Amino acid sequence: MQERLKELQEEAIQKIEQSANLKELNDIRVAYLGKKGPITEVLRGMGKLSAEERPVMGALANEVREAIAVKIESKQKGLEEAAVLEKLASESIDVTLPGRPVKVGNHHPLTRIIEEIEDLFIGMGYQVAEGPEVEQDYYNFEALNLPKGHPARDMQDSFYITEEILLRTHTSPVQARTMEKHQGKGPIKIICPGKVYRRDNDDATHSHQFMQIEGLVVGENIRMSDLKGTLEVFAKKMFGEDREIRLRPSFFPFTEPSVEMDISCKICGGSGCNVCKQTGWIEILGAGMVHPNVLEMAGYDSKKYTGFAFGMGPERIAMLKYGVDDIRHFYTNDVRFIKQFSKHE
Amino acid sequence: MFVSYKWLQDYVDLTGVTAAELAEKITKSGIEVEGVEILNEGIKGVVVGHVLEREQHPNADKLSKCLLDVGEGEPVQIICGAPNVAQGQKVAVAKVGAVLPGNFKIKKAKLRGEESNGMICSLTELGMEGKVVPKEYSEGIFVFPANAEVGTDALALLNRDDEVLELSLTPNRADALSMLGVAYEVAAILGRDVKLPETDLQASTEKATDYVKVIVDAKEDNPLYVAKMIKNVKIGPSPLWMQTRLMSAGIRPHNNVVDITNYILLEYGQPLHAFDYDRLGSKEILVRRAADGEKFVTLDDVERTLTADHLVITNGVEPVALAGVMGGANSEVTSDTTTVLLEAAYFNGAAVRKASKDHGLRSEASARFEKGVDPNRVRPAGERAAYLMAKYAGGEVLEGAAEVDTLTVEPAVVSITLEKINRVLGTELVMKDVEEIFARLQFSVSVEGDTITVTAPTRRGDIKIEEDLVEEVARLYGYDNIPKTLPIGSSTPGRLSAYQKKRRVVRQYLEGAGLYQAVTYSLTSEEKATQFAMEKRDTIRLAMPMSEERSILRLSILPQLLEVVKYNSARQNDSLAVYETGAVFLSNGTDVLPVEKEHLAGAMTGLWHSHSWQGEKKAVDFFVVKGILEGMFAKLGLSEQVEYVQAQVEGMHPGRTAVIVLNGEKIGFIGQVHPSMQKELDLKDTYVFELSLKAVLEADAPVLQYESIPRFPSITRDIALVVNRETVSGTLKEIILTAGAPLLKEVQVFDLYEGDKMEEGKKSIAFSLKYVDPERTLTDEEVTKVHEKVLGALEEKAGAVLRG
Ligand SMILES: [Zn+2]
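Analysis parameters
- Each chain carries its own residue numbering, running from 1 in the direction its sequence is written.
- Working convention: letters from A go to chains and numbers from 1 go to ligands, in the order in which they are written.
- Where totals are concerned, whole chains, interfaces and linings use all residues; where local detail is concerned, this predicted model gives features only for residues with pLDDT of at least 70, and gives and counts side-chain atom pairs only at 80 or more.
- By convention in this description, side-chain values take in all heavy atoms of the structure and omit both hydrogens and water.
- What counts as a helix is a DSSP run of H or I of at least four residues, what counts as a strand is a run of E of at least two, and both are numbered from the N terminus.
- Each radius of gyration reported is based on C-alpha atoms, and the globular scaling rule is 2.2 Å times the count of residues to the power 0.38.
- Accessible area is worked out with a 1.4 Å probe on protein chains only. A residue is then buried under 20% of its type maximum, exposed over 50%, and partly exposed in between.
- We call two residues in contact whenever any of their non-hydrogen atoms come within 4.5 Å of each other.
- Computed with a 1.4 Å probe, the accessible areas rest on the Shrake-Rupley method; for each residue, only the protein chains presented here act as cover.
- Buried area: the accessible area, evaluated with a 1.4 Å probe, that two parts lose upon being put together, summed over both parts.
- Each salt bridge in this description consists of a side-chain nitrogen of Lys or Arg and a carboxyl oxygen of Asp or Glu lying within 4 Å of one another.
- Each polar contact in these results corresponds to two N or O atoms within 3.5 Å; when the atoms are within protein, one needs to be able to donate a hydrogen and the other to accept it, and residues that are neighboring in sequence are counted only if both atoms are side-chain atoms.
- For this classification, Asp, Glu, Lys and Arg are treated as charged, while Ala, Val, Leu, Ile, Met, Phe, Trp, Tyr, Cys and Pro are nonpolar and the rest, including Gly, are polar.
- Note: metal donors comprise N, O and S atoms at 2.8 Å or less from the metal (3.2 Å for Na, K and Ca); water molecules are not included, so apparent gaps in a site are possible.
- The geometry test gives tetrahedral to four donors whose angles all lie between 85 and 135 degrees, gives square planar to four donors and octahedral to six donors whose opposite members are over 155 degrees apart with all other angles between 65 and 115, and gives irregular to the rest.
- Each domain span listed reflects an automatic or database assignment of domains.
- Each Phe, Tyr or Trp ring (for Trp, its six-membered ring) is paired with any other whose centre lies within 6.5 Å, and the angle between the two planes then decides the class: stacked below 30 degrees, edge-to-face above 60, tilted in between.
- Geometrically, a charge over a ring is one whose NZ (Lys) or CZ (Arg) sits within 6 Å of the ring centre while staying within 35 degrees of the ring normal.
- Strands qualify as paired when DSSP identifies two bridges or more between them.
- Note on definitions: angles span 0 to 180 degrees between N-to-C directions of axes, and those axes are lines fitted to C-alpha atoms, for helices only across the stretch in contact.
- Here, patches come from residues exposed beyond 30% relative accessible area and free of salt bridges, joined within 9 Å for like charges and within 5 Å for nonpolar side chains (Val, Leu, Ile, Met, Phe, Trp, Tyr).
- We count Lys and Arg on the positive side and Asp and Glu on the negative side, and we leave His and both chain ends out.
- The atoms used to mark charge sites are NZ of Lys, CZ of Arg, CG of Asp and CD of Glu.
- The way it works is a 1 Å grid over only the protein atoms, where trapped points that fit a 1.4 Å probe form a cavity and open points with protein on both sides within 12 Å along at least five of seven lines form a pocket, and then any residue with an atom within 4 Å of a point lines it.
- Grid points are joined across faces, edges and corners, and a volume is the space filled by probe spheres set on the points.

This part covers the overall build of chain A. Along the backbone of chain A there are 12 helices and nine strands. Relative to the 2.2 N^0.38 estimate, which gives 20 Å for 345 residues, the radius of gyration of chain A is 43 Å and therefore markedly larger than a compact globule would have. Taking all 345 residues of chain A together, 54% fall into the buried category. Considering only residue pairs separated by 6 or more positions, chain A has 67% of its internal contacts joining residues 24 or more positions apart. Entry remark: accessible area of chain A is about 16100 Å², with carbon and sulfur atoms responsible for 51%.

Moving on, we come to the interface of chain B and chain A. With 91 residues of chain B at the contact, the number on the chain A side is 91 residues. Across the interface of chain B and chain A, roughly 7800 Å² is buried in total on both sides, 55% from carbon and sulfur atoms. At the boundary of chain B with chain A, the tally comes to nine salt bridges. Among the salt bridges present, the one from A:Glu115 reaches B:Arg507, with a minimum N-O distance of 3.4 Å. On the surface where chain B and chain A come into contact, there are 44 residue pairs in polar contact (both at pLDDT 80 or more). With seven residues, the single largest contributor to the side of chain B that touches chain A is strand 31 (residues 576-586) of chain B. Within the side of chain B that touches chain A, the residues separate by chemical class into 39 nonpolar, 25 polar and 27 charged.

What follows is about the coordination of the zinc ion. All names here are of chain A. Coordination of the zinc ion by the protein comes from Cys-265 (SG), Cys-268 (SG), Cys-273 (SG) and Cys-276 (SG), over a distance range of 2.2 to 2.3 Å. Taken together, the four donor atoms coordinating the zinc ion and their angles of 106 to 116° define a geometry best described as tetrahedral. Ordering the donors of the zinc ion by residue number gives the pattern C-x2-C-x4-C-x2-C. Residue Cys-265 is found in the loop between strand 7 (255-264) and strand 8 (281-290), and its partner Cys-276 is found in the loop between strand 7 and strand 8; the two are separated by 11 residues along the sequence. Pair check on accessibility: Cys-265 and Cys-276 agree, each one buried.

Let's shift gears to the domain arrangement of chain A. In terms of domain boundaries, chain A breaks down into domain 1 (2-90) and domain 2 (109-341). Each of domain 1 of chain A and domain 2 of chain A has a C-alpha centre, and these two points are 92 Å apart.

Residue and element names in this part refer to chain B. Position of Ala-308 relative to the elements: it lies in the loop between strand 18 (303-305) and strand 19 (311-314). For Ala-308, a relative accessible area of 33% corresponds to the partly exposed category. Distance in space between the C-alpha atoms of Ala-308 and Gly-651 is 52 Å, their sequence separation being 343 residues. Non-local contacts of Ala-308, meaning those with residues more than four positions away in its chain, are made with Arg-289, Ala-290, Ala-291 and Asp-292.

In this section: the packing of aromatic side chains. Under the criterion given, the structure shown has 23 aromatic pairs over all chains. Their ring planes at 65° and their centres at 5.1 Å tell us that A:Phe337 and A:Phe341 sit as a pair that is edge-to-face. Accessibility assignment for this pair places A:Phe337 and A:Phe341 in one class, buried. Taking 4.8 Å as the distance between ring centres and 70° as the angle between the ring planes, the aromatic pair formed by B:Tyr137 and B:Phe142 counts as edge-to-face. Considered together, B:Tyr137 and B:Phe142 belong to a single accessibility category, that of buried residues. An aromatic cluster is defined as three or more aromatic residues linked by ring pairs; in this entry it consists of A:Phe121, A:Tyr126, A:Phe234, A:Phe239, A:Phe308 and A:Phe310. Over the face of the ring belonging to B:Tyr567 we find B:Arg571, whose NZ or CZ atom lies 3.6 Å from the ring centre. Over the ring of B:Tyr644 we find B:Lys626, and its NZ or CZ is 4.5 Å from the ring centre.

So, about the sheet that holds strand 25 (residues 412-417) of chain B. All names here are of chain B. In spatial order, the strands read 25-27-26; together these three strands make up an open sheet with antiparallel pairing. Every other strand in the sheet has two partners, leaving strand 25 and strand 26 (444-448) as the edge strands with one partner each. The average undirected angle you get between the axes of adjacent strands in this sheet is 20°. In the sheet, strand 25 pairs with strand 27 (residues 451-456) via six bridges, with the strands oriented antiparallel. From the neighbouring strand, Thr-417 faces strand 27, where its bridge partner is Thr-451. Helix 12 (residues 431-440) rests against strand 26 and strand 27 of the sheet, and its axis sits at about 5° to strand 27.

A word on the pattern of salt bridges. Between side chains of opposite charge, pairing is possible as soon as their charged atoms come close. All names here are of chain B. Applying the stated criterion across every chain, the model contains 74 salt bridges over all chains. Of the charged contacts in the structure, one is a salt bridge between Arg-379 and Asp-405, with a shortest N-O distance of 2.9 Å. Residue Arg-379 is located in helix 10 (residues 378-392), and its partner Asp-405 is located in strand 24 (residues 402-405); the two are separated by 26 residues in the primary sequence. Overall, the relative accessible area of 32% leaves Arg-379 in the partly exposed class. Residue Glu-466 is joined to Lys-420 by a salt bridge in which the shortest nitrogen-to-oxygen separation is 3.0 Å.

On to the domain arrangement of chain B. Domain assignment breaks chain B into domain 1 (2-39 + 163-190), domain 2 (44-157), domain 3 (208-405), domain 4 (413-481), domain 5 (498-698) and domain 6 (715-802). For domain 3 of chain B versus domain 4 of chain B, the separation of C-alpha centres amounts to 38 Å.

Residues and elements named next belong to chain B. Most of strand 6 (residues 90-100) sits out of view: eight of its 11 residues are buried. Bridge analysis of strand 3 (residues 44-56) against strand 6 gives six bridges, and the strand direction is antiparallel. Its bridge partner being in strand 6, Val-47 is matched across the sheet by Val-93. Of the pairings in the sheet, the one linking strand 6 to strand 11 (residues 143-144) comprises two bridges and is antiparallel in character. Within strand 11, the residue paired with Val-91 across the bridge is Val-143. Strand direction decides the pairing type here: strand 6 and strand 10 (residues 118-120), joined by three bridges, are antiparallel.

Once that is clear, we can look at a negative patch on the surface. Among the surface-exposed residues, B:Glu34, B:Glu37, B:Glu41 and B:Glu166 lie close enough to one another that they form a single negatively charged patch. For B:Glu166, the location among the structural elements is in strand 12 (residues 163-168).

This next bit is on the side chain of A:Glu260. One can find A:Glu260 in strand 7. Given the relative accessible area of 12%, A:Glu260 is considered buried. With sequence-adjacent residues up to four places away left out, A:Glu260 is seen in contact with A:Arg246, A:Leu247, A:Arg248, A:Ser250, A:Phe252, A:Glu283, A:Leu285, A:Gly286 and B:Glu32.

Bringing unusual backbone geometry into the picture now. For the bond from A:Glu256 to A:Pro257, the omega torsion is -5°, close enough to zero to count as cis. Locating A:Pro257 in the fold gives a position in strand 7. With an omega of 0°, the peptide bond running from B:Ala741 to B:Pro742 counts as cis. The residue B:Pro742 is located in the loop between helix 20 (729-740) and strand 40 (744-753) in this model.

Turning to the pairing of strand 16 (residues 284-289) of chain B, a few remarks are in order. On a regular strand, each side chain points to the face opposite its neighbour's, so the side chains alternate between the two faces of the sheet. Residue and element names in this part refer to chain B. Bridging between strand 13 (residues 213-216) and strand 16 involves four bridges; their strand directions are parallel. Note on strand 16: the bridge partner recorded for Ile-215 is Leu-286. Two strands pair when backbone bridges link them, and strand 16 and strand 19 are joined in this way by four bridges, in the antiparallel orientation. By the bridge assignment, Leu-286 is partnered in strand 19 with Thr-314.

Now for the layout of surface pockets. Vacant regions in the atomic arrangement are exposed by a probe of water-molecule size rolled over the atoms. All names here are of chain B. Roughly 1800 Å³ of volume is contained in the second largest pocket. Taken together, 36 residues line the second largest pocket, and the ones lying closest to its centre are Lys-626, Glu-630, Tyr-644, Ser-729 and Gly-730. Of all the elements in the fold, those that place two or more residues in the lining of the second largest pocket are helix 17 (622-635), strand 35 (642-646), strand 36 (652-662), helix 20, strand 40 and strand 41 (762-771). Looking at the lining of the second largest pocket, the element that brings in the most residues is helix 20, giving six residues. A breakdown of the residues in the lining of the second largest pocket according to their chemical character gives 14 nonpolar, 10 polar and 12 charged. Two domains share the lining of the second largest pocket, each providing at least three of its residues, namely domain 5 (498-698) and domain 6 (715-802).

Have a look at this one:
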């Protein structure tokens, strides 16, 4: 009997080891440990044993059962793990296939430039001022020291609606309005972005509608050197720390002295190339000390207050910064163009 | 203004300063030099040749076979195609081995069987612009004066061994519209002297006043008129050096008298006019305003109709010149002219501008008057011209001049303190520095304590106020030497306004939702201006549009965005999502500024999303676009304040359009473009929206406040309702929410069926209702009670029955 049990144990363990899947294993469990299994059968024969042998044999039978059960359990674990692995293997994917695209649009390049400039000046304590695109002749010209008949009005041929109303030719009227609102008191530190309009035929370098950003600082002790320092900060942040600036005298009716700012050419590093017309410098913006007539007209005492102003064209800056070769791209809105300006920089 | 480097040396010593260096210095101290042109760049091997023989080419009608002495012993044979080549001429010859502009190398050649060892050149072949070449040589080769030396450098003789600086002048620096003006500027920059041109001459004993009398009726327009008389002139070509200088400056030579007036225009910046005295038909010059409708033929043979705004020079009766603009055909100098009346005058800029603008006659002369000439240079310019006419046209200059002079010339006297100069510039200059700068400019100064008083010469009419002096100091001291500082004093907070911040949020959101930002034109056509306009207003039209296409200010953005869609679709960008923010312009009546309202518009077409290899595709439809707007309103906290109401909007699909209502106010619309308009624009199904961004950004959103997260479970009941087709889900939702309050927290549509299994005119719509009590767990019974109430209300108010 004892031998029979040992035999059964060995037989069962062998079968367990050979079983290939959970079903076979379960069949083995039922076969050996079930109520109709051989161990139960062996135990039925215990009645023939002596009282001393019975508990011994009972213990042995339990041992055998236990051993078989342990073996089954461990085999089952193994089989389950294998089944999981197999399932996972069957679930494998080609990770090189493209992902589901997330459609994201982006700023128009001009907005991108404008916001970049806004943020730069906001960081220096400026506020963003806006004003109407259709303006009175007074704010667009007269308040900016451009009385009627001034020869410089030729420089900016304008779209008039009536004799006194026109599409603004620059964002300077926002400055005039802001100064007027401050009623002769400082300080003012603003930048004014917006659309402006001039009677130009649209071609690669001209557009009848374009953007402008102007800045204005008015206070009791604003100097030309402050303008120079401010523009340098702007140029280095906008175009790179390695860029140099230079100021050249120029003329604008609303500033005196007036200057133009150049930055050193990135392409040739200053030695001269086609982009900088062999000069090593690229013109970026116009600026100057606010003309006393402009201050006085807005109600400021020009003996006490001084100020500086500057203005630039986002189109030109975008063209220089990104190498865009035709201003019309900005207004055609070809998505293949706009898309190129999505990258964060 | 074109400035010849060689010519400039007549007035200022340029030793040790190359043209390029000079250009850099001029640019940095005030006048931008746009470029320096090296006139003989890329040209070599061109000499003066003498045409010894010329005969017809045996095999070609239009070619000549020439034998030339080019100063190298044996004469050379050259085949020439110019019609004007002739024996005995001195001409420019590009020898074999020479190089002409465009890297054109001259080689030995055979032309129609005849050997050609070089090329006889026209001026354009030597790199000169056709429009400056004298008329007689414009169709052929240039002919040198007979005394030109054979074999010498032809380019040097043509003054092409020179460099020309192109000055870009701002309106305040009209003084630099002359060689002398530039000379003063350069002298100030270099700290050197100015040498004035020769004008001394032996005048005849006859008096100019015996020949002509000058009367000026319009003294305000013409405060100074000087008429000089030159007799016995011989009209002929001007000297070659003068012709070449004119050509380098962009002016075509004509004859000695006309060339001299043009030469003085360039040298002094003073326009002059030469009349043929004998053709004037009187001994009188009368300057007056023209009569309205008065006719006058200018020397370009165009008849002009004048008005009382135009200033004319007359012979006492009829006009002989449009003052400062153009002379008349009736008194023009011709090859027969012997007596010249030379006009040197000061005309008011405004009068000249009006005439030149009205007649489209912008010229070198009119431009100078318009910008203002130096009143003190009018007479010297006349003297200098007379001197040159005596020297180069054989003229006899009569003594004096007939003139009217009511011009009061007072130089500007301006005082400024050193402290102000330093305060404005941020510099630490001393008085000596400032004095030296004005000395270089040849401005006279007097100093008293901290104050310097400057008298500016009349040629510098731009110097008027203290700031002008500050500018002179700044530019000659050098902007490079001004320190870099940042503004000090009370600071201002740098920030965006709430409106500006929210606008950025909207842009970011829309781009995150897949839309690209477009920027289109505000000006459009009459037809497009009012399409999709949300308010009926008069259109605002430009007084002088450049084209009908861009003549009216837009009342809506969508027409332009649809153009963008069309443009992109035509270039295979079929799936497109764009938006724009910008002003639309609402008229308030003439002579008042319009209302500018910031709008937001968007257009979407094609696929909303797709994942090709997984076979996913979703086309844009109404609900895609609506979802995007809903997201935007949620972002701005306005969800509860916005409604969409089915509506008819012109240009939009009648069944697929809603107006957007914000707090009871109609602020925009959303929907599909009307199929007929889609067809017209060649668009596929396109969904759009346009709304007042201003209204959206200015709307008050509820303040952000934490709301406790429900601690008790919710109970969800789904219902499928059968309703009339016209019943909209919004109405049903409203009924459900009202009847289910307060336990009903959420209602969602989860199914819609309008198929043929439904009874005619009916549809099935299914809602998911979520009941929650924040204080406790709801029982089924409680929910059922409320739910029954909801169903009752649906049936009563919308005839909705549960789908069986
Ligand atoms: Zn460069």
